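# Secondary and tertiary structure notes
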Amino acid sequence: MAIPLLAQMKVKGAYAKYSKIESQYGYTGYEVARKILDNSGLYQVKVEETPGSLSDHYDPRTRTVRLSTNNYYGKSLAGAAVAAHEVGHAVQHDRKYAFLSFRHLLFPVANFGSSLSWIFIMIGLFTQATGLFAIGIALLAVGVLFQIVTLPVEFNASTRAMAMLTNYNIITTEEVKPSKKVLQAAALTYVAATLVAVAELVRLVLMFTGFGNSDD
Ligand SMILES: [Zn+2]
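Residues numbered from 1 in each chain as written. Predicted model: local features only at pLDDT ≥ 70, side-chain atom pairs only at ≥ 80, totals over all residues. Heavy atoms only, no water.

Binding of the zinc ion to the protein goes through His 85 (NE2), His 89 (NE2), Glu 154 (OE) and Glu 154 (OE), at separations of 2.0 to 2.8 Å. Considering all 4 donor atoms around the zinc ion, the spread of angles at the metal, 51 to 135°, places the coordination shape in the irregular class. Sequence positions of the residues that donate to the zinc ion give the spacing H-x3-H-x64-E. In this pair, His 85 and His 89 both sit in helix 4 (residues 77–94), 4 residues apart, roughly one turn of the helix. Residue His 85 is classed as buried on the basis of its relative accessible area of 9%. (Donors = N, O, S within 2.8 Å, 3.2 Å for Na, K, Ca; no water. Tetrahedral: all angles 85-135°; square planar, octahedral: opposite > 155°, others 65-115°. Helix = DSSP H or I, 4+ residues; strand = E, 2+ residues; numbered from the N terminus. Buried < 20%, exposed > 50% of the residue type's maximum accessible area, 1.4 Å probe, protein only.)

Now the structure itself:
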């Protein structure tokens, strides 16, 4: 429980610090996203504002990069890094980056599976039905696999973001390190969430093997 909480705090910390520092070239998040998209030939990808804090994301269905209000209008270094990262996902989508395609393929099963898995696990446990328990674990495993596949997708989007920020002269060389810090902190939340999910799965598998043994 403490790991994701600490990761969340680290993201908020790095983001809070660099969201107060304006980037030297002074582009807004919108301008950063538009500039990188246009330079990558992705003129059809839209950039929109979305309410909330750290609600920034790329929507593959509508091919839209959505930036939170502060990042959309603001000229901060953190906002530029986040905008470039989200555009990184749009570029992955366009270039058919394998891990992203695999993630999209898993999404419906993982989404449906993780909500149903606990029902199977609970009923399996209460009725001592090994088969139902096993189905529950299998469904949960798909959800965990989805989280694991998310990791290379996130790291790759950040690597692309850093390259594009420097190649298209959006940040200066001194700004590379702090931008990286913001993106690394954000990646840490995904790593933490995945570690927790894997630990939970292992715990259930161990419970399952113990469960089977008790029948003998
Ligand atoms: Zn991302």
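Note on sheets: strands pair through backbone hydrogen bonds, and any given pair is parallel or antiparallel. The 3 strands lie next to each other as 1-3-2, forming an open sheet whose pairing is mixed. Both outer strands of the open sheet, strand 1 (46–50) and strand 2 (57–59), are each paired with one neighbouring strand and no more. Neighbour-to-neighbour, the strand axes of the sheet open up by a mean angle of 30°, direction not taken into account. The pairing of strand 2 with strand 3 (residues 64–68) spans 3 bridges and is antiparallel. Residue pairing across strands places Asp 59 opposite Thr 64, the latter belonging to strand 3. (Pairing = 2+ DSSP bridges. Axes fitted to C-alpha atoms, helices over the stretch in contact; angles between N-to-C directions.)

Remember that the coordinates give geometry; whether it matters functionally is a separate question.
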